[in-house]
Amino acid sequence: MTNFKNLAVPGVQLLKPYIPGKPIDELERELGIKNSIKLASNENPLGPSPKALAAAQAVMANIHHYPDGSGHKLVQALADKHGVDSRCITLGNGSNDVLEIIARSFLASCNGAVYSEYAFAVYPIVTQAIGAEHQVAAAFPKDHPTMPYGHDLDAMARKINTATKLVFIANPNNPTGTWLDADELETFIKNVDKNVLVVLDEAYYEYMPDDLQPNTDQWLQQYPNLIVTRTFS
Ligand SMILES: Cc1ncc(COP(=O)(O)O)c(C=O)c1O
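Residues numbered from 1 in each chain as written. Predicted model: local features only at pLDDT ≥ 70, side-chain atom pairs only at ≥ 80, totals over all residues.

**Q** So what's going on with the overall build of the chain? Residues and values would help.
**A** A count of helices and strands for the chain gives 10 helices and five strands. C-alpha extents for the chain along the principal axes are approximately 50 × 50 × 45 Å. When burial is assessed residue by residue, the chain has 22% of its 233 residues classed as buried. Of the contacts formed within the chain by residues at least 6 apart in sequence, a portion of 60% connects residues at least 24 apart. (Helix = DSSP H or I, 4+ residues; strand = E, 2+ residues; numbered from the N terminus. Buried ≥ 20, exposed ≤ 12 C-beta atoms within 10 Å, placed from the backbone. Contact = placed C-beta atoms within 7 Å.)

Below you can see the structure in the form of structure tokens.
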């Protein structure tokens, strides 16, 4: 009998399936509880925005047509908001999708991706799927005065070598909730070899206080090897 797993490329064969949390109704039934709030996936316990519901309902009348695959209006609105050329914007089905597209576009099995210990779980997964090298930098220690388990940019810089194609940085990071000083982050990006792409994952950007948010729209104009990912989720 065909063993489908053996037919997969080596990197995919070694992937471990993600085990999601149980659906909330199943968990409540199992534990005999009610009105629980699911926190594991960072979802909004207050429900969807009425504006999002109205927008979704408005397009229901057209679901017999293919959607605009290029997301023309959304791309244009994002380009205007961030002051970048619309050709610089790639949409995905969530930023996970974009991170995966980046890995598949730029990494080969002879390359490596640098990321920090305790960084967002998708970086090792996409690196593994390609069969590229995991160039994992030690995070700050548990007793670090401000950012326990946070990204140590110096340690990350030391991991970069001639095989490195991507550096994944989550700012702020999940699951540690740590963030980076904007000036230190910019210095890191400025000093990185221009053939190495810095992927700055800003999925939680909006949760940072205004004075801590780096001006990444500006950085995109200055550093051609910078990719910034954001999400609506
Ligand atoms: C740091 C970080 N980046 C990216 C994502 C991907 O989010 P989404 O695919 O929902 O946009 C997550 C989701 O948990 C995340 O925590």
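**Q** Account for the environment of A132, with residues named and values stated.
**A** Within the fold, A132 resides in the loop between α7 (122–130) and β2 (133–137). Separated by 21 residues in sequence, A132 and N111 have C-alpha atoms that sit 5.4 Å apart. In this structure A132 touches L107, A108, S109, N111, G112, A113 and T127, once residues within four positions along its chain are discounted.

**Q** Now, about the site of the ligand: what can you tell me, with residues and values included?
**A** Lining the immediate environment of the ligand, one finds N42, G94, S95, N96, F120, A170, N174, D201, A203, T231 and S233. Grouping the amino acids of the shell around the ligand by side-chain chemistry returns three nonpolar, seven polar and one charged. (Near = placed C-beta within 6 Å. Nonpolar A, V, L, I, M, F, W, Y, C, P; charged D, E, K, R; others polar.)

**Q** Help me get a handle on the nonpolar core, residues and values and all.
**A** Formed by 34 residues in total, the largest nonpolar core has its most connected members in A113, Y123, L166, V167, F168 and V199. If you list the elements that add at least two residues to this core, you get α6 (95–106), β1 (112–116), α7, β2, α8 (153–159), β3 (164–170) and β4 (197–201). Dropping the residues within four chain positions of it, A113 is found in contact with L107, Y123, T127, A132, H134, Q135, K165, L166 and F168. (Core = buried A, V, L, I, M, F, W, Y, C linked by C-beta atoms within 7 Å.)

**Q** How would you sum up the pairing of β2? Please name residues and give values.
**A** Across five bridges, β1 lies against β2 in parallel orientation. Paired with V114 across the two strands is Q135, which belongs to β2. For the handedness criterion, the β-α-β arrangement of β1, α7 and β2 is classed as right-handed. (Pairing = 2+ DSSP bridges. Right-handed = clockwise from strand over helix to strand, strands pointing away.)

**Q** Could you give me a rundown of the pairing of β1, with the residues and numbers involved?
**A** Among the five residues in β1, five count as buried, and that is most of the element. Residues G112, V114 and S116 line one face of β1 and the alternating positions A113 and Y115 line the opposite face, and both faces are buried. Bridge count for β1 against β3 is three bridges, and the pairing is parallel. If you follow G112 over to β3, its bridge partner there is T164.

**Q** Explain the sheet that holds β4 to me, and be specific about the residues and the numbers.
**A** Within a sheet, each strand pairs with its neighbour through backbone hydrogen bonds, oriented either parallel or antiparallel. Within the open sheet, the five strands sit side by side as β2-β1-β3-β4-β5. Their pairing is parallel. Edge positions in the open sheet fall to β2 and β5 (226–229), since each of these has one partner strand only. Taking the axes of each pair of neighbouring strands and ignoring which way they run, one obtains an average angle of 20° across the sheet. In the sheet, β4 pairs with β5 via four bridges, with the strands oriented parallel. (Axes fitted to C-alpha atoms, helices over the stretch in contact; angles between N-to-C directions.)

**Q** Any chance you could break down the environment of R158 for me, citing the residues and the numbers?
**A** Take R158: it is sitting in helix α8. Taking the C-beta count within 10 Å as the criterion, R158 has 13 such neighbours and is therefore assigned partly exposed. When the C-alpha atoms of R158 and A137 are compared, they prove to be 8.1 Å apart, with 21 residues separating the residues in sequence.

**Q** Tell me about the packing of α6 against α7, residues and numbers included.
**A** Interhelical geometry of α6 versus α7 gives an angle of 35° and a closest axis separation of 10 Å. Note that α6 runs across α7; the crossing there is right-handed. Contacts between α6 and α7 involve N96, L99, E100, A103 and R104 from the first element and V122, V126, T127 and I130 from the second. Looking at the contact of α6 with α7, its residues break down into five nonpolar, two polar and two charged. (Left-handed = near helix turned anticlockwise from the far one by under 90°.)

**Q** Break down unusual backbone geometry for me, with residues and values.
**A** That bond from N171 to P172 is cis: its omega, -5°, falls within 30 degrees of zero. Here P172 is to be found in the loop between β3 and α9 (182–191). Positive phi, close to 55°, is recorded for N35, a residue that is not glycine. Summarising the element assignment, N35 is placed in the loop between α3 (24–31) and α4 (50–60).

Nothing here speaks to function; it is geometry throughout.
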